[in-house]
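Survey of secondary and tertiary structure
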Amino acid sequence: MAQFIKLYNDNPNPKEIEKIVKVLQNGGLVIYPTDTVYGLGCDITNTKALEKVARIKKVKPEKANFSFVCNDLSHLSDYVKQIDTATYKVLKRALPGPYTFVLPGSNSLPKAYKKRKTVGIRVPDNNIARAIVETLGNPIVSTSIHDEDEVLEYTTDPELIFEKWQNIVDIVVDGGYGDNHASTVIDLTTDEPEVIREGKGSLDIL
């Protein structure tokens with residue numbers, strides 16, 4: 001059964017963050033809060049964990065549209081081809097925030113992503129998510145946890161999330177009630193930004 005760890009966004013407990021990071025390093029799956037909906041994540045460098053997440057979402061790892069959650073923009077050059085100044089300015093304006101940006105993937109993407117041309121980058125405005133990534137030392141691969149209920153779409157109560165996922169993942173982090181609006185997804189791989197999904201973030205950043 002999964003561990004249920006309570007954390008406070010204004011001051012996440014470093015000992016508990018370490019616990020979460022150890023689980024991720026060992027190939028475990030974690031559900032954690034973001035500035036939008038709760039996410040399901042694993043260590044980006046662990047292919048087996050990536051495959052587990054893909055199985056849960058019923059997609060092939062190479063076809064999965066998972067995003068990379070980073071704690072700031074310093075990891076960009078590890079996974080993204082060089083971007084122009086205008087694109088970088090959009091990222092600086094919007095992040096941290098409720099956005100996923102689709103950017104051109106570089107040659108140094110993790111093994112499971114080698115054939116992908118693009119990658120979704122996320123820097124959530126949430127201290128818990130960013131502390132996990134910062135302590136881990138590399139991004140986590142993330143996907144939002146959809147609900148089968150068509151009316152709800154996203155479960156916002158961590159205790160209900162735990163009830164549903166306790167036998168599937170290794171840790172559920174309780175960071176308080178989540179939002180029920182996903183991030184705004186913007187494709188920046190062409191000359192004109194393209195909004196793929198309008199979610200929580202405002203489009204004024206463009």
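Residues numbered from 1 in each chain as written. Predicted model: local features only at pLDDT ≥ 70, side-chain atom pairs only at ≥ 80, totals over all residues. Heavy atoms only, no water.

Naming follows an unreviewed UniProt entry, where the chain appears as Threonylcarbamoyl-AMP synthase of Tenacibaculum singaporense.

1. Thoughts on the packing of aromatic side chains
This structure, assessed with the given rule, holds three aromatic pairs. Aromatic pair Phe4 and Phe162: ring centres 4.9 Å apart, planes at 45°, arrangement tilted. Of this pair, Phe4 sits in strand β1 (residues 3-6) while Phe162 is found in helix α6 (residues 158-165), placing the two residues 158 residues apart along the sequence. Note on Phe4: relative accessible area 33%, which makes it partly exposed. (Phe/Tyr/Trp six-rings, centres within 6.5 Å; stacked < 30°, edge-to-face > 60°. Helix = DSSP H or I, 4+ residues; strand = E, 2+ residues; numbered from the N terminus. Buried < 20%, exposed > 50% of the residue type's maximum accessible area, 1.4 Å probe, protein only.)

2. Side note on the side chain of Asp35
With respect to the helices, strands and loops of the structure, Asp35 is situated in the loop between β2 (30-32) and β3 (39-43). Using a relative accessible area of 10% as the deciding quantity, one classes Asp35 as buried. At a separation of 2.8 Å, a polar atom in the side chain of Asp35 contacts the side chain of Arg122. For Asp35, the side chain forms a polar contact with the main-chain nitrogen of Asp125, separated by 2.8 Å. Ignoring sequence-local partners within four residues, the contact set of Asp35 consists of Gly97, Pro98, Arg122, Pro124, Asp125, Asn126, Asp179 and Lys200. (Polar contact = N/O pair within 3.5 Å; in protein donor to acceptor, adjacent residues only side chain to side chain. Contact = heavy atoms within 4.5 Å.)

3. Re the environment of Val185
Here Val185 is to be found in strand β9 (residues 184-187). Spatially, the C-alpha atom of Val185 lies 5.9 Å from that of Phe101, the residues being 84 residues apart in sequence. Ignoring anything within four residues of it in the chain, the contact list for Val185 reads Thr100, Val102, Glu194, Val195, Ile196 and Arg197.

4. Side note on the nonpolar core
Counting residues in each nonpolar core, the largest one holds 42 residues, and the members touching the most others are Ile31, Phe68 and Phe101. Contributions of two or more residues to this core are made by β3, α2 (47-56), α3 (76-79), α4 (85-94), β5 (99-104), β6 (118-122) and α6. The element best represented in this core is α2, accounting for four residues. When sequence neighbours within four positions are dropped, the list of residues in contact with Phe101 reads Val90, Leu91, Ala94, Leu95, Val119, Gly120, Ile121, Ile186, Leu188 and Ile205. With 19 residues, the next largest nonpolar core counts Ile17, Val23, Leu24 and Ile132 among its residues. (Core = buried A, V, L, I, M, F, W, Y, C linked by side-chain atoms within 4.5 Å.)

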